[in-house]
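# Fold and geometry: a report
Given next are the chains, with one letter for each unit.
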Amino acid sequence: MKNGNQTIESKKVENHVIDGAPCVYSTEEAKAMVLERGREIKAGRVKMIPHEEVMREMEQLIAGYED
């Protein structure tokens, strides 16, 4: 876990990955993950990342693509 972000893994064995597009979930799976994430945040089990830090990381990521 880095900066409070957790890897979300599908608990189903179904093939939800489309060739060439990893991490594509069905609408039902996506809704379930969002609801679970909300419950984790409300319960205080997940540390949120400050907006400024997210923006800084995104700027660094974008700058890396400019090379």
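The present account deals with the structure reproduced in this document.

About the cut-offs
Positions within a chain are numbered from 1, following the residues in the order the chain's sequence is written. Only residues with pLDDT of 70 or above have their local features reported here, since the model is predicted, and side-chain atom pairs are shown and tallied only from 80 upward, although totals for entire chains, interfaces and linings are computed over all residues. With hydrogens and water stripped out, all remaining heavy atoms of the structure feed into the side-chain values. We count a stretch as a helix when DSSP gives it H or I for four or more residues in a row; a strand needs E for two or more, and each element gets its number in order from the N terminus. Working definition: with a 1.4 Å probe on protein chains only, accessible area under 20% of the residue-type maximum means buried, over 50% means exposed, and in between means partly exposed. Each accessible area value is a Shrake-Rupley result obtained with a 1.4 Å probe; residue values ignore everything except the protein chains displayed when judging cover. Salt bridge, as used here, is a side-chain nitrogen of Lys or Arg placed within 4 Å of a carboxyl oxygen of Asp or Glu. We call two residues in contact when some of their heavy atoms are within 4.5 Å. Residues enter patches when they are more than 30% accessible in relative terms and free of salt bridges; like-charged ones are connected within 9 Å and nonpolar ones (Val, Leu, Ile, Met, Phe, Trp, Tyr) within 5 Å.

### Comments concerning the overall build of the protein
Looking only at helices and strands, the protein features two helices and zero strands. The buried share among the 67 residues of the protein stands at 7%. For the protein, the exposed area adds up to about 6100 Å²; of that, 57% sits on carbon and sulfur atoms.

### Considerations on the pattern of salt bridges
Applying the stated rule across the entire model yields two salt bridges. A salt bridge links R45 to E40; the nearest nitrogen and oxygen atoms lie 3.1 Å apart. For E40, a relative accessible area of 17% puts it in the buried group.

### So, the side chain of E40
Tracing the backbone through its elements, the reader meets E40 in helix α1 (residues 27–42). Residues in contact with E40, not counting those within four places in the same chain, are R45 and V46.

### Some thoughts on a nonpolar patch on the surface
Taken together, the side chains of V54, M58, L61, I62 and Y65 make up a nonpolar region of the molecular surface, amounting to roughly 510 Å² of accessible area. With respect to the helices, strands and loops of the structure, L61 is situated in helix α2 (residues 51–66).

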